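Each chain, written out:
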Amino acid sequence: MWNKICEEIFTELTRKLNSENIRYFILRNYKGLPEENEAKDIDLVVDPKKAKYVQELLRNIFKNNGLEYYDEARFDKMFCMHGMSIKNNTGIHIDVIGGYRVKGYEIYTFEELYTHVVEYKDFYVLDEFFDGVMLLVYKIFGYKTPELKDLYRKEISECLKNYEDDFRKELHKLFGIGLGNKIAHFIEDDNYEGLLKIQKEFSKALKKYAKKKSLAKTIGGKMAFVWQKFDRVILRYRKYKRVFAVLGCDGSGKSTFIDETVKQMNTYYVNDENDNRFHIYHFRPEIIPNLGEVGEKAKVSEQDKDFEKPHRNKPANPISSFFRIAYYTFDYIFGWQKCVRRDVHYDRYSVFDRYSYDFIVDPERSRLKIPRWMRRFFVRLTPQPGVIFILIANADTIYSRKQELDKVEIERQLDEYKKLGETHKRFHFINAERSPKEIANEASEIILSFYAK
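Residues numbered from 1 in each chain as written. Predicted model: local features only at pLDDT ≥ 70, side-chain atom pairs only at ≥ 80, totals over all residues. Heavy atoms only, no water.

A. Expanded view of the pattern of salt bridges. Enumeration according to the criterion identifies 34 salt bridges in this entry. Salt-bridge contacts for Arg284 lead to Asp331; the nearest nitrogen and oxygen are separated by 2.7 Å. Highlighted residues: Arg284 in the loop between strand S9 (278-282) and helix H12 (291-297) and Asp331 in helix H13 (residues 318-345), separated in sequence by 47 residues. Note on Asp331: relative accessible area 0%, which makes it buried. The network of salt bridges with common partners includes Asp71, Arg232, Arg242, Arg277 and Asp347. (Salt bridge = Lys/Arg side-chain N within 4 Å of Asp/Glu carboxyl O. Helix = DSSP H or I, 4+ residues; strand = E, 2+ residues; numbered from the N terminus. Buried < 20%, exposed > 50% of the residue type's maximum accessible area, 1.4 Å probe, protein only.)

As structure tokens, this is what we get:
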């Protein structure tokens, strides 16, 4: 994804920082810059006093270079800045870090790190020795299950080999002589699996070091970290939630649409599949099981798993239907609170393949036999996604893709979806007869227009 636009953005940013004498440095993976970027993102550590100014500067640079959208997320002192252009098929991710802190613990202050800064080409980076130290410390500290890529292991080993005395001295300072020597032996023996197994001991020692260094600063940092998390997930999660749903008849191409849209959005956010920025739910949050599964566990009935036939069973009687829709509405209300808040915590999009609106359009799928007004009432009780896509295509086209429903039923559902889509501006009709790339491009623009800036 790194292209000429990204190169110009990086060059303009570093030149501006240099000309204004703002102290900064790039962490790791800088050797190909500005022409190439070996990593997905760029870690830009700046003078904490200038962090907000650099954010504003970067927004303006994004805009001046033709990026239509930007998105931000804050984690402690790190501001994840995304610039995106659908027109130019470009995404760039720069983390503006106002001092390096992990969950409130500051092992190295900006001033300490800056003493190890050297010039590289026309910008500034950490020297090789401290780059290796930072790689060891911050790729293990604070992680429940840390992982070290082969490339990182090689760099740490080379750092110990090339700067052995200084490296050991730094390990003794951070961990004490005993644990410091133990860590050095693991690295010398290339036994990184053994090193990762002592992660708890490793992190505990660093926390102790941070407290000893400045107890007041550590307490303040931890309080700030907890407050940010509480504010984001509990107090103002509505501000940070990003949810969209996809509706349509069987055969309209919902799965293909979601896959292609997620692929494109990952491109703009500079993610790969392992980043898991998009959490996909099928129909509902599912914090409680399907009624068929409940019946099977209670040995009342056997669960029907013939999902290829959505209308395979007759509708339940009205009383049973009332309890069915109440049961699933409970899942939407409370499952949303659990699942969407969790996605907010991890800065993920929540994506629903189908949603509660199926109770209105296709009640037979959920075996509902209650009046339309009652179904609409329960749907209004469920939380509403900010963006809802309705895939529309010709009934013959849909039937040619899947024969799960007859043409009469497909036409009826299409008519219901069209009526539904006219009730609120959150609904967006998508012509599903075009190529997956075309419709995903349209969807991406709608999503970014709503959720990005």
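From this point, things continue past the structure.
B. Structural context of a nonpolar patch on the surface. A cluster of nonpolar side chains, namely Trp227, Phe230, Ile234 and Leu235, defines an oily patch on the protein surface of about 410 Å² accessible area. As for its placement among the helices and strands, Leu235 is situated in helix H9 (residues 215-235). Assessed through its relative accessible area of 46%, Leu235 is described here as partly exposed. (Patch = residues over 30% accessible without salt bridge, like charges linked within 9 Å, V, L, I, M, F, W, Y side chains within 5 Å. Areas by Shrake-Rupley, 256 points an atom, 1.4 Å probe, with all protein chains shown as cover.)

C. Just helix H4 (residues 128-140), in detail. Between its first and last C-alpha, H4 extends 19 Å over 13 residues, near the 18 Å set by a 1.5 Å rise per residue. Burial analysis of H4 places 12 of its 13 residues in the buried class, which makes it a mostly covered element. Where H4 is concerned, the buried positions are Phe129, Phe130, Asp131, Gly132, Val133, Met134, Leu135, Leu136, Val137, Tyr138, Lys139 and Ile140. (Expected span 1.5 Å × (residues − 1).)

D. A look at the pairing of strand S1 (residues 24-27). Of the two faces of S1, the one carrying Tyr24 and Ile26 and the one carrying Phe25 and Leu27 are both buried. Pairing of S1 with strand S2 (residues 42-46), which is carried by four bridges, proceeds in the antiparallel orientation. Across the sheet, Tyr24 pairs through a bridge with Val46, a residue of S2. (Pairing = 2+ DSSP bridges.)

E. Representation of a positive patch on the surface. Residues Lys103, Lys144, Lys207, Lys211, Lys222 and Lys229 make up a contiguous surface patch of positive charge. Listing elements by their share of the positive patch, those giving two or more residues are helix H8 (199-213) and H9. Relative to the helices and strands, Lys211 is located in helix H8. (Lys, Arg positive; Asp, Glu negative; His and termini not counted. Charge placed at Lys NZ, Arg CZ, Asp CG, Glu CD.)

F. Up close: the environment of Ile398. Within the secondary structure, Ile398 sits in helix H16 (residues 395-401). Those residues in contact with Ile398 that sit more than four places away from it in its chain are Cys249, Asp250, Gly251, Ser252, Ala393, Ile410 and Leu414. (Contact = heavy atoms within 4.5 Å.)

G. Structural context of the nonpolar core. If you look at the biggest cluster of nonpolar residues, it comprises 63 residues, and the most contacted ones within it are Phe244, Leu247, Phe257, Tyr349, Phe389 and Leu448. With seven residues, the top contributor of residues to this core is H13. The residues contacting Leu448, other than those within four sequence positions of it, are Tyr69, Met84, Ile86, Met265, Tyr268, Tyr269 and Lys453. Of all hydrophobic cores here, the second largest spans 46 residues; its members include Leu136, Phe167, Leu195 and Tyr209. (Core = buried A, V, L, I, M, F, W, Y, C linked by side-chain atoms within 4.5 Å.)

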